[in-house]
Amino acid sequence: MSTDRWLGLLIGLLAGMFLCCAVTGLTLALGGGSPVVPSAQIPPGATLDVAVDEAYLGRTLAQNARGYPSPWPVVGGRMDARPGNQATFDVLLDSPAGRMKVTGRVSFAVARGKLVIHIAEVKLGAIPVTPLASVFAPNLDAQINAKANQQLQERTAGAGVTLLGVTTDEQFLRLYFTGQ
Amino acid sequence: MPPRFSNAPRSTDRAPIVLSGAGCGCGMLLALVALLMLAMLTAVGGDLSPVKPDSTRPDITIVVQEAFFQQMIARLLSGDAARDVTVKTQPGGVIIAQGLVRLSLFGQQTSTPFSLAMRLSAQNGQMKVELTDIKVGDNPAMSAAAQAMLGGLGDQASQAINDQVMAGLGRDAYIMDVTTDGPRLVIRARWTGQSPGHP
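Because the structure is a prediction, the values reported are computed rather than measured.

Further remarks concern the overall build of chain B. A tally of regular secondary structure across chain B gives 4 helices and 7 strands. Overall, chain B shows an N-to-C arrangement of helices and strands of α-β-α-β-β-β-β-α-α-β-β.

Structure (structure tokens):
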């Protein structure tokens, strides 16, 4: 093969690698995570509030995560409530290469009496992969919200209550209701 | 006739361009694989430190305001049996409901003040409701009759509240305690079920 051809191949190879790294870097920089939801105030008119400990949230996450789309089985999970209507999560996946840890952040809000959970950030190890996560599991937010609201509805059906708001602090997710 | 403008000689060798395109594709693929490998390498081997179970810490704390009881009673008494009902919480898990009850005596409709006190507590992981005092009007005989009529109400209320709490928390819920804090009733519960996914 002539020198021109070798040079063309080499330049193409380097350009391709550079292009891929640049696009990946740009994607990660622009889509590294959603902004934090401003911390909500206790809604006026709330007459009943339920403070859920982060340990319980973690157990619920570990149980429910088995039903969510994942390339490898979920073997554990934990949640850590944070101020500002958010919580961080750690999920352990049983990948062929060994146990893999996925971390991230979810935000909470209430809209029209429904709990709205949004996956704001996902990291594979130290690398943010939020855009990739939305490509591999485009309906994950919708699935999580459907399941969470179904459970909430089942558990509050007899009490005749309406969800008004949600807040978080260092340990608890607090849900605020009013009687109908 | 010879062409007016002759084309300049052009190289027809497009191989370097094709090869550089192929190289570009290979380079992108290599970089993508390398990035994914890097991400996976940083993620593999992660573990979650075990959470120490703390049996004194509730999983769920339910705080019920007096206003909620008002709303509940207003919903339950949507008929005309009682009116002007107010609910107050007192120390020791005591709830007092007061209002006017409509009675029919000798064919005459009359409204008589009533007062009903109940104590909420936790026993063996379940909610227990005891009716501690019932007063209807100023007549002790009427209060005694009401006490006799409503004697079983505590058990029914206990069952109804337990059913609601169990529906809310699941069958493995364990009520740790029921206390009052100013105008609020505080129920603390723990979930005793084993999570299969928890390390």
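Following the structure, the description resumes.
This part is about the interface of chain A and chain B. If you look at the interface, chain A gives 55 residues, while chain B gives 51 residues. When residues of the side of chain A that touches chain B are traced back to their parent elements, those giving at least two are helix H1 (3-30), strand E1 (48-53), helix H2 (54-64), strand E2 (74-82), strand E3 (86-95), strand E4 (98-111) and helix H4 (140-156) of chain A. When residues of the side of chain A that touches chain B are assigned to their parent elements, the largest contribution, 17 residues, is made by H1(A). Here E1(A) pairs with strand E1 (residues 60-65) of chain B via 5 bridges, running antiparallel.

In this structure, A:Arg112 takes a positive phi of about 50 degrees despite not being glycine. Here A:Arg112 lies in the loop between E4 and strand E5 (114-124). Classification of A:Arg112 as exposed rests on a count of 7 C-beta atoms within 10 Å. Look at B:Asn124: it is not a glycine, yet its phi comes out positive at around 50 degrees.

Sheet strands pair by backbone hydrogen bonding; their relative direction is either parallel or antiparallel. With antiparallel pairing, the 6 strands of this open sheet are ordered in space as E7(A)-E8(A)-E1(A)-E1(B)-E7(B)-E6(B). Sheet topology places strand E7 (161-168) of chain A together with strand E6 (173-181) of chain B at the edges, where each strand pairs with a single neighbour. Along the sheet, successive strands turn relative to each other by an average axial angle of 20 degrees, direction set aside. Summarising the sheet, E1(A) and strand E8 (residues 172-179) of chain A pair through 6 bridges and their orientation is antiparallel. Bridging from a neighbouring strand, A:Asp53 pairs with A:Phe172 of E8(A). Packing against the sheet, H2(A) makes contact with E1 and E8 of chain A together with E1 and strand E7 (184-191) of chain B, and its axis sits at approximately 70 degrees to E1(A).

About the thresholds
- Residues numbered from 1 in each chain as written.
- Chains lettered and ligands numbered in written order.
- Predicted model: local features only at pLDDT ≥ 70, side-chain atom pairs only at ≥ 80, totals over all residues.
- Helix = DSSP H or I, 4+ residues; strand = E, 2+ residues; numbered from the N terminus.
- Contact = placed C-beta atoms within 7 Å.
- Pairing = 2+ DSSP bridges.
- Buried ≥ 20, exposed ≤ 12 C-beta atoms within 10 Å, placed from the backbone.
- Axes fitted to C-alpha atoms, helices over the stretch in contact; angles between N-to-C directions.

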